[in-house]
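Architecture at a glance
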Amino acid sequence: MIAIPDSAVGTQLEWYLGAVNRTPIPGDELKEHLSPAFLKEIPAARFNELAKGLAGLKLDELSSTKPTELIGLTSIPAGQKYDTRISVGDDGKIDYLLLEPQ
């Protein structure tokens, strides 16, 4: 198992890895973890739609760890791998999250 950094972005990555297993994620919970700008771009319904297909998501490797940004590789049990990038703003909420299929 890959160690997730003990940082604001690491905390949010841990939340996301767990949250995809229990969609739909309630709007109030999304507001706790996602920045208002992120939610404006990707509303709760769309976020949940995308997250639903990611049950079992796990972190396979981290290639870059910065205090507010992590870049790495994730995968789901079906075998699909994703180049993954997550960052947080000054408020500690996710302001960027991208899982790009490899």
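Scroll up for the structure.
So, a few notes on the structure that sits alongside this text. (Residues numbered from 1 in each chain as written. Predicted model: local features only at pLDDT ≥ 70, side-chain atom pairs only at ≥ 80, totals over all residues. Heavy atoms only, no water.)

To continue, consider the pattern of salt bridges. Evaluated as defined, the whole model comprises six salt bridges. Notably, a salt bridge pairs E29 with R22, separated by 2.7 Å at the nearest N-O pair. Residue R22 is classed as partly exposed on the basis of its relative accessible area of 40%. In this structure, R85 and E69 form a salt bridge, with 3.2 Å as the shortest nitrogen-oxygen distance. One end of the pair, R85, is in strand β3 (residues 81-88); the other, E69, is in strand β2 (residues 69-75), and 16 residues separate them in sequence. For E69, a relative accessible area of 17% corresponds to the buried category. (Salt bridge = Lys/Arg side-chain N within 4 Å of Asp/Glu carboxyl O. Buried < 20%, exposed > 50% of the residue type's maximum accessible area, 1.4 Å probe, protein only. Helix = DSSP H or I, 4+ residues; strand = E, 2+ residues; numbered from the N terminus.)

Taken together, the four strands give an open sheet; going across it, the order is β1-β2-β3-β4, and neighbouring strands pair in antiparallel fashion. At either end of the open sheet lies a strand with only one pairing partner, and these are β1 (58-66) and β4 (94-101). Here the strands of the sheet are splayed against their neighbours by 20 degrees on average, with no regard to which way each runs. The sheet contact formed by β1 and β2 spans seven bridges and is antiparallel. The partner of T65 across the bridge, within β2, is L70. (Pairing = 2+ DSSP bridges. Axes fitted to C-alpha atoms, helices over the stretch in contact; angles between N-to-C directions.)

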